[in-house]
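Breakdown of the fold
Chain by chain, the residues:
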Amino acid sequence: MQRTTMDLWVGLFVAAGIGALLVLALKVGNMGTYSAAQSYTLLGNFENIGGLKPRAPVKSAGVVVGRVVDIQFNPETFDAVVTMSIDSRYQFPKDTFASILTSGLLGEQYIGLAAGGDEVMLKSGDKIMKTNSAMVLEEMIGRFLFNKASESNGDKN
Amino acid sequence: MTSETLVEINDLNFSYDKRAILKGINMTMPRGKVIAIMGGSGCGKTTLLRLIGGSVAPSSGYVKVAGQVVHELSRDELFQMRRKMSMLFQFGALFTDLSVFDNVAFQMREHTNLPEAVIRDLVLMKLHAVGLRGAHKLMPAELSGGMARRVALARSIALDPLLIMYDEPFTGLDPISLSVIGNLIRRLTDALGMTSIVVTHDVQESLKIVDYVYFISEGVIAAHGTPAEVRDSVAPFVHQFVHGEEDGPVPFHYPANSYASDLRLGGRFA
Amino acid sequence: MLMLLKSGISLRRFHLIIREIYFTGVLSLIIIVVSGLFVGMVLGLQGYETLQKYGSESAVGTLVALSLVRELGPVVAALLFASRAGSAITAEIGLMKATEQLAAMEMMAVDPIARVVAPRFWAGVISMPFLAAMFSAVGIFGGYLVTVVLIGVDEGSFWSQMQNAVDFRYDIVNGVIKTCVFGVAVTAIAVFEGYDAPPTAEGVSGATTRTVVTSSLAILGLDFVLTAFMFRGMS
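In this text, all values refer to a predicted model and were calculated from it rather than measured experimentally. (Residues numbered from 1 in each chain as written. Chains lettered and ligands numbered in written order. Predicted model: local features only at pLDDT ≥ 70, side-chain atom pairs only at ≥ 80, totals over all residues. Heavy atoms only, no water.)

Tallied over the full model, the rule gives 19 salt bridges over all chains. Linking C:Arg120 and C:Glu20 is a salt bridge whose minimum nitrogen-to-oxygen distance equals 3.4 Å. Taken together, the positions of C:Arg120 in helix H6 (residues 112-151) and C:Glu20 in helix H2 (residues 14-24) put the pair 100 residues apart, joining distant regions of the chain. Assessed through its relative accessible area of 2%, C:Arg120 is described here as buried. For C:Asp171, the salt bridge identified is with C:Arg70, shortest N-O distance 2.6 Å. Of this pair, C:Asp171 sits in helix H8 (residues 168-196) while C:Arg70 is found in helix H4 (residues 60-98), placing the two residues 101 residues apart along the sequence. Its relative accessible area of 0% is what places C:Asp171 among the buried residues. Ionic contacts of the salt-bridge type, sharing partners, join the residues B:Asp102, B:Arg109 and B:Glu116 into one network. (Salt bridge = Lys/Arg side-chain N within 4 Å of Asp/Glu carboxyl O. Helix = DSSP H or I, 4+ residues; strand = E, 2+ residues; numbered from the N terminus. Buried < 20%, exposed > 50% of the residue type's maximum accessible area, 1.4 Å probe, protein only.)

Right, dumping it as structure tokens:
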């Protein structure tokens, strides 16, 4: 085997390897959409986060604008403090509404941001004041059954 | 004489797993000579070469090469010293992944900063010396046993060493290749003024080319002398070895119980 | 081991490393690419069959990508690498030892560790992450072929669900770290077994077998340990 042919093959090999890594990073992973950009932090208190997990997406109007970085329990207020990292390209007004939503019936949970009308924008480290907890399926079913039961009781009376 | 001594072996003992392999060996090897070390298979000849090359350390005694005690050298000093010696292995030990040319050029590329053009000329000169200049593009797998041995010889003289050790250079060669190798050893030794140590059990071929012979048997030097002395020797071991007799001081039979008792003659069935 | 590190850096040996990358990396490409394609295609089929029952067949991209990037890519590529390249390294070094080439080198004042062992070690360590990345990439393409092109899962949701679920830092970087660890383990075992092999025919064949067995077990064991550290507490 000629040395130059070998060098050529090895060069192609390394290029293909780096290419594969790039494909994984950009096409498969989310680096192209989010990680590379600058980001800032927002906080939100939720009564119940349901099945929300770190790294869950934060979406506004269905577009991923950031990710959940950390979830802590606050022992004083007895609620969950969710830390979100938001792409710096996107600014949100002070009265933005954050709710924990589920994609589809059994899909993953994410945070949906619904922008308000305030002129002042949220800065890094700010807390989103208006939050809406996760809908927990058991509670919903329980509430539904309870309502049904009270309805039928009402009928009897 | 002493000033010309290249290798000096003094009261050398070597044991392996408590089994004594070499016992009290003394040898002096002057510059510019071909010295043969002969003995039956497994008598410790190859071990002796490994001791001279510093691959193993003696149990007691010492080997001095060019005034330096081999086993006392540090690894770096040993590598420095090994640039002055080389060894021809039994089957050549050519690097199978390199061509003949690259094999011979190997040490020049590793140890010198010579430009590639100079290396090319040197390699072709070395290959010419063994008559294989035309084979420089071949791979070792394409060579016959004798040619491989000659390439290995060219490789071992690549850096013009002071000392070459040959480990069984004649094994497995046809008579023509055998005398080619034998004559090459003699010619190169004379031309380059180096010292050659030939470990062999090929008596007839080596007696033609060497200056001095040591016989080793059971770890001691059984006899030594010039080829002429050796041929006429009446010492029973040397006589048996030189003339290839089947039985003698070196017995045909491996030590065993008496033949009769092993076959149970006169035992149970009587 | 220190010797390996020291000798590998020397630029003079760089062409030796390139040569060995050719033998360990480039020549392993075919088996890696073909296996990756089929593993991805099977994952796609099986994943589709299962997910379809829950009506979430668009998540098949996520399934294929996460399985490949986190586990199957690094592990299967390393197993293939161990049996294709690791065994070759052991056999080559073992044979060089058996035919006294290493002893000859030693007598020529050339350190066989630096000249023979180190380039093979570095070549293996360099090749492994590339091979695993190609395995995963080709595997995801195989999954894409089966589910999107053949079965007809929506292409947009295939990629977007995948991109939502696969995180660069947690999944891809961790996968690459795994392959690097596997690369070091496999080639270290391979060169050690070769260098340590008894210089006989049985010795070399035994060492080759041991390379494949030991490095396969090492890959699986290390994979468990690494996974436990990397993905503990994650979804």
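After that view, the rundown keeps rolling.
In this section: the interface of chain C and chain B. Listed as interface residues are 19 residues of chain C and, on the opposing side, 23 residues of chain B. A buried area of about 1900 Å², summed over both sides, lies between chain C and chain B, and 55% of it is on carbon and sulfur atoms. Counting across the chain C and chain B interface gives four salt bridges. The partner of C:Glu106 in a salt bridge is B:Arg82, and the shortest N-O contact between them spans 3.7 Å. At the boundary of chain C with chain B, the tally comes to eight residue pairs in polar contact (both at pLDDT 80 or more). When contributions to the side of chain C that touches chain B are tallied by element, the ones reaching two or more residues are helix H5 (101-107) and H6 of chain C. (Contact = heavy atoms within 4.5 Å. Buried area = accessible area lost by both parts, 1.4 Å probe. Polar contact = N/O pair within 3.5 Å; in protein donor to acceptor, adjacent residues only side chain to side chain.)

On to the interface of chain A and chain C. At the junction of the two partners, chain A supplies 27 residues and chain C supplies 34 residues. Of the roughly 2700 Å² buried between chain A and chain C on both sides combined, carbon and sulfur atoms contribute 75%. Among the residues of chain A in contact with chain C, A:Phe13, A:Val28 and A:Arg55 are the three that bury the most area, contributing 28% of the side total. The tally of links between chain A and chain C comes to zero salt bridges. Where the side of chain A that touches chain C is concerned, the elements lending two or more residues are helix H1 (3-28), helix H2 (31-35) and strand S3 (63-74) of chain A. It is H1(A) that contributes the most residues to the side of chain A that touches chain C, 17 residues altogether.

It is worth spelling out the packing of H4(C) against helix H9 (residues 201-231) of chain C at this point. Residues and elements named next belong to chain C. In the contact formed by H4 and H9, the axes pass within 9 Å of each other and the chain directions differ by 150 degrees. Here H4 lies roughly antiparallel to H9, going by the angle between them. For the pair H4 and H9, the sense of crossing is right-handed. Split by residue class, the contact of H4 with H9 holds 13 nonpolar, 10 polar and three charged. (Axes fitted to C-alpha atoms, helices over the stretch in contact; angles between N-to-C directions. Parallel < 35°, antiparallel > 145°, perpendicular 65-115°, else oblique. Left-handed = near helix turned anticlockwise from the far one by under 90°. Nonpolar A, V, L, I, M, F, W, Y, C, P; charged D, E, K, R; others polar.)

This part is about unusual backbone geometry. In most cases, non-glycine residues show a negative phi, while peptide bonds are predominantly trans. The backbone of B:Ala66 shows a phi angle near 50 degrees, a positive value even though the residue is not glycine. Relative to the helices and strands, B:Ala66 is located in the loop between strand S4 (60-65) and strand S5 (68-69). A positive phi is found at C:Ala109, a non-glycine position, where the angle reads about 65 degrees. Topologically, C:Ala109 is positioned in the loop between H5 and H6.

Let's shift gears to the packing of aromatic side chains. The relation between two aromatic rings is expressed through the spacing of the ring centres and the mutual angle of the planes. Across all of its chains, the model carries 10 aromatic pairs over all chains by this definition. For the ring pair C:Tyr22 and C:Phe23, a centre distance of 5.5 Å and an interplane angle of 80 degrees mean the geometry is edge-to-face. Given the relative accessible area of 9%, C:Tyr22 is considered buried. Aromatic pair C:Phe121 and C:Trp122: ring centres 5.4 Å apart, planes at 80 degrees, arrangement edge-to-face. Judged by relative accessible area, which is 21%, C:Trp122 ranks as partly exposed. One aromatic cluster is present, built from ring pairs that chain together C:Phe141, C:Tyr144, C:Phe158 and C:Trp159. Of note, A:Lys59 hangs over the ring of A:Tyr110, and the distance from its end group to the ring centre comes to 4.6 Å. Sitting over the face of the ring of B:Phe95, B:Arg155 holds its NZ or CZ atom 4.6 Å from the ring centroid. (Phe/Tyr/Trp six-rings, centres within 6.5 Å; stacked < 30°, edge-to-face > 60°. Lys NZ or Arg CZ within 6 Å of the ring centre and 35° of its normal.)

Once that is clear, we can look at the environment of B:Ser156. Residue and element names in this part refer to chain B. Along the chain, Ser156 falls in helix H5 (residues 145-156). Counting along the chain gives 71 residues from Ser156 to Met85, while the straight-line C-alpha distance between them is 8.4 Å. In contact with Ser156, not counting residues within four places along its chain, are Ser86, Met87, Leu88, Pro161 and Ile164. Within the structure, Ser156 has its side chain in polar contact with the backbone oxygen of Leu153 (distance 2.8 Å).

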